[in-house]
Amino acid sequence: MVTKAPAKTEYEAVIGLETHCQLSTDTKIFCNCSTAFGADPNHQVCPVCMGMPGVLPVLNATVLEYAVKAGHALNCEIAKYSKFDRKQYFYPDLPKNYQVSQFDLPIAEHGWLEVEIVDEQGEATRKKIGITRLHMEEDAGKLVHGGSDRLAGSTHSLVDFNRTGVPLIEIVSEPDMRTGLEAAEYAQEIRRIVRYLGVSDGNMQEGSLRCDVNISVRPRGQKEFGTKVEIKNMNSFSAIHRAIDYEIARQIEAIESGEGESIIQETRLWEEGAQRTIGMRSKEGASDYRYFPEPDLTPIEVAPNLLKQWQSELPELPAAKRHRYEEEIGLSPYDTRILTDDHAITQFFETTLKAGVSAKQAANWLMGDITGYLNNENLSITDIALTPEALAELIELIEANTISGKIAKELLPELLTKGGSPKKLVEKKGLTQISDAATLETLIDEVIADHPQELEQYRNGKTKLQGFFMGQVMKRTSGRADPKATNQMLAKKLKG
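So, how was this worked out
- Residues numbered from 1 in each chain as written.
- Predicted model: local features only at pLDDT ≥ 70, side-chain atom pairs only at ≥ 80, totals over all residues.
- Heavy atoms only, no water.
- Helix = DSSP H or I, 4+ residues; strand = E, 2+ residues; numbered from the N terminus.
- Polar contact = N/O pair within 3.5 Å; in protein donor to acceptor, adjacent residues only side chain to side chain.
- Contact = heavy atoms within 4.5 Å.
- Pairing = 2+ DSSP bridges.
- Axes fitted to C-alpha atoms, helices over the stretch in contact; angles between N-to-C directions.
- Expected span 1.5 Å × (residues − 1).
- Parallel < 35°, antiparallel > 145°, perpendicular 65-115°, else oblique.
- Left-handed = near helix turned anticlockwise from the far one by under 90°.
- 1 Å grid on protein atoms, 1.4 Å probe; cavity = no way out; pocket = protein on both sides within 12 Å on 5 of 7 lines; lining within 4 Å.
- Points joined across faces, edges and corners; volume = space filled by probe spheres on them.
- Nonpolar A, V, L, I, M, F, W, Y, C, P; charged D, E, K, R; others polar.
- Buried < 20%, exposed > 50% of the residue type's maximum accessible area, 1.4 Å probe, protein only.
- Phe/Tyr/Trp six-rings, centres within 6.5 Å; stacked < 30°, edge-to-face > 60°.
- Lys NZ or Arg CZ within 6 Å of the ring centre and 35° of its normal.
- Salt bridge = Lys/Arg side-chain N within 4 Å of Asp/Glu carboxyl O.

### Digging into the side chain of Thr-277
Right, so step 1: Position of Thr-277 among the secondary structure elements: in strand E13 (residues 276–282).
Right, so step 2: Here Glu-247 takes part through its side chain, which lies 2.7 Å from a polar atom of the side chain of Thr-277.
Right, so step 3: Apart from the residues within four sequence positions on either side, Thr-277 is in contact with Ile-231, Ala-243, Tyr-246, Glu-247, Arg-250, Arg-268, Leu-269 and Trp-270.

What follows is the structure in structure tokens.
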């Protein structure tokens, strides 16, 4: 009797993200200090953000507006009554020894956003990720470690309080994600949304967007969660993806090797160089923070007319644009994903379309040559001289057979760096496409007459030589011959 080997246990990850997003206000959340990035250390501080005795914070009204708009954009319920709380903990860069945050009554709850994952075949899979809550809070300062870029190995640490009191919204997801890819896509969608709203620049390099990942694994089908581990301060989407994949593999290996008890509720860090997570400290629970209502700030009740006004000011958001581009314009999921990722490119694209040109042509130019140039030069689309109107004019010249696509590509570098009118540039350089049938026929006859040997080879079956003849015509016309008309006429002439 053959005994079957026990089926291998399949595991699934349970992943949630806490996303801290710095709001693009000119001043801090409770005082008038500047939030500008890059100032000399400790030059943007005052008694309020430093927590000096006797000072009183005052809520920045723009922070509330931006938080409510973000809550609406994430399909949240906006609280009729909200308040601030003190979150107690000691850390060298937190001068008050508590953080003003929101605990049991946040400004927004019970929302969702849609992530879209496009596979290698260009097919899109969409999934809704729940949003547990969105709340306002102040940021802490920054430790600068001497002798090492990390605390480990440093000889001393300095404190920069400039960031203390910078306004944040924290967006806490439901544990609805199952892979590192889903989590990275979720974080990217958060960044797209806050950028579209104009409430944050979402710049991860400057710390404007930071993510903490909560992750556990469990046998597939099990309802109970495994032991949750937090990976702190992820500052790139690729790092989120890789750190989660590593942590999933680490936890599964520990369980299968009988060392599941080694997985404890803790905070870990992602080591980019070693591509691994390492333990940092045991994870605090809510009770450790000893929350209590902030006595110096009044509760928040947003007037219904103000809520309605702020909601009416929301732009069309990335997911809605993707759906519209697919359904109304006929673009592929891949195209829509690229075009809606950067709000500036989206605006450039839509302004180009207002001229009535082909959406597919505009998309191809933006995603191809223009994006290639931006990447090579490390520029944003707002940095180039080419305008949406000029791109539309260039496409119109191609569609009218005034110039070929090849000539358009030759003109593009000058348009990107110097700007101007494509039509005037074509006239100035004498690059108008030759489409006149009689002129093309004369040119083709001359080329065929000059290459009798190649003509004989073509008629003996070497039909690939049509490309040779085409090249000769293009050479004589400096690329100005209409490619489609030339090819058709050339095929007839070569066959005799």
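### Notes on the sheet that holds strand E14 (residues 292–293)
Right, so step 1: Strand order in this open sheet of three strands is E4-E3-E14, and the pairing throughout is antiparallel. Two strands lie at the open edges of the sheet, namely strand E4 (98–101) and E14, each paired on one side alone.
Right, so step 2: Here strand E3 (residues 85–88) runs beside E4; their pairing, made up of four bridges, is antiparallel. Bridge pairing links Lys-87 to Gln-99 in E4.

### Section: the sheet that holds strand E6 (residues 124–138)
Right, so step 1: In space, the nine strands of this open sheet follow the order E2-E5-E6-E9-E1-E10-E11-E12-E13, with mixed pairing throughout. What marks the edges here is a single partner per strand, and that holds for strand E2 (77–78) and E13.
Right, so step 2: Direction of pairing for strand E1 (residues 11–22) relative to strand E9 (residues 167–173): antiparallel, over a ladder of five bridges. Following the sheet pairing, Glu-18 is matched in E9 by Val-172.
Right, so step 3: Packing of helix H2 (residues 180–197) onto the sheet brings it into contact with E1, strand E5 (108–118), E6, E9 and strand E10 (209–219), and relative to E5 it is tilted by some 115 degrees.

### Let's talk about helix H5 (residues 318–329)
In an α-helix, one turn spans 3.6 residues, which is why side chains three or four residues apart end up on the same side.
Right, so step 1: Taking 1.5 Å per residue as the helical rise, H5 with its twelve residues ought to reach 16 Å, and the 15 Å between its terminal C-alpha atoms agrees with that figure.
Right, so step 2: Where H5 is buried, its residues meet E5, H2, helix H6 (333–341) and helix H7 (343–353).

### Points about the packing of helix H8 (residues 359–377) against helix H10 (residues 405–418)
Right, so step 1: Remark: H8 packs on H10, axes separated minimally by 11 Å, with the N-to-C direction vectors making an angle of 55 degrees. When the axis of H8 is compared with that of H10, the two are oblique. Regarding H8 and H10, the two cross each other, and that crossing is right-handed. Across from Trp-365, Asp-369, Ile-370 and Tyr-373 in H8, the residues of H10 making contact are Ala-408, Lys-409, Leu-412, Leu-416 and Thr-417.

### Comments concerning the layout of surface pockets
Right, so step 1: Approximately 480 Å³ is the volume found for the second largest pocket.
Right, so step 2: Asp-341, Asp-342, Ile-345, Asn-375 and Leu-379 are the residues nearest the centre of the second largest pocket, which is lined by 15 residues in total.
Right, so step 3: Of all the secondary structure elements, the ones that give two or more residues to the lining of the second largest pocket are H2, H6 and H8.
Right, so step 4: Ranked by residues supplied to the lining of the second largest pocket, first place goes to H8 with four residues.
Right, so step 5: Classifying every residue of the lining of the second largest pocket gives seven nonpolar, four polar and four charged.

### Things to note about empty space enclosed by the protein
Right, so step 1: This structure, assessed with the given rule, holds one cavity of 30 Å³ or more.
Right, so step 2: Taken together, the residues of the lining of the largest cavity break down into five nonpolar, one polar and two charged.

### What to know about the environment of Ala-243
Right, so step 1: Structurally, Ala-243 can be placed in helix H3 (residues 237–256).
Right, so step 2: Here the alpha-carbon distance between Ala-243 and Gly-180, two residues 63 residues apart in the chain, equals 7.7 Å.
Right, so step 3: Contact partners of Ala-243, with chain neighbours within four places excluded, come to Ile-231, Met-234, Trp-270 and Thr-277.

### Comments concerning the side chain of Lys-321
Right, so step 1: Secondary-structure assignment places Lys-321 in helix H5.
Right, so step 2: A relative accessible area of 6% means that Lys-321 is categorised as buried.
Right, so step 3: Here the side chain of Lys-321 touches Glu-350 through a polar contact of 2.9 Å, side chain to side chain.

### Comments concerning the environment of Leu-134
Right, so step 1: With respect to the secondary-structure elements, Leu-134 resides in strand E6.
Right, so step 2: Expressed as a C-alpha distance, the spacing of Leu-134 and Glu-77, which sit 57 residues apart in the sequence, is 9.9 Å.
Right, so step 3: Once residues within four sequence positions are removed from consideration, Leu-134 is found in contact with Ala-67, Ala-70, Gly-71, Leu-74, Pro-106, Ile-107, Ala-108, Ile-169, Glu-170 and Ile-171.

### Section: the packing of aromatic side chains
Right, so step 1: Following the criterion strictly, the structure yields six aromatic pairs and no others.
Right, so step 2: Taking 5.5 Å as the distance between ring centres and 80 degrees as the angle between the ring planes, the aromatic pair formed by Phe-30 and Phe-84 counts as edge-to-face. Linking Phe-30 in the loop between E1 and helix H1 (61–73) with Phe-84 in the loop between E2 and E3, this pair joins segments that are 54 residues apart in sequence. Accessibility assignment for this pair places Phe-30 and Phe-84 in one class, buried.
Right, so step 3: Where Phe-103 meets Tyr-291, the ring centres are 4.0 Å apart and the plane angle is 5 degrees; that geometry is what we call stacked. You can see Phe-103 sitting in the loop between E4 and E5 and its partner Tyr-291 sitting in the loop between E13 and E14, a full 188 residues away along the chain.
Right, so step 4: Against the face of Tyr-289 rests Lys-87, its NZ or CZ located 4.5 Å from the ring centre.
Right, so step 5: The ring of Trp-365 has Lys-409 sitting right over it, with the charged end atom 5.4 Å from the ring centre.

### A word on the pattern of salt bridges
Right, so step 1: Tallying each qualifying case throughout the model produces 37 salt bridges.
Right, so step 2: Between Asp-104 and Lys-83 there is a salt bridge, with the nearest N and O atoms lying 2.8 Å from each other. Here Asp-104, found in the loop between E4 and E5, pairs with Lys-83, found in the loop between E2 and E3; they are 21 residues apart in sequence, far enough to count as distant.
Right, so step 3: Here Arg-192 makes a salt bridge to Glu-189, at a shortest N to O gap of 2.5 Å. Taken together, the residues span about one helical turn, with Arg-192 and Glu-189 both in helix H2 at a distance of three residues. Here Arg-192 and Glu-189 have matching classes, each one buried.
Right, so step 4: Linked by salt bridges that have partners in common, Glu-114, Glu-116, Arg-126, Glu-189, Arg-192, Arg-322, Glu-326 and Asp-341 make up one network.

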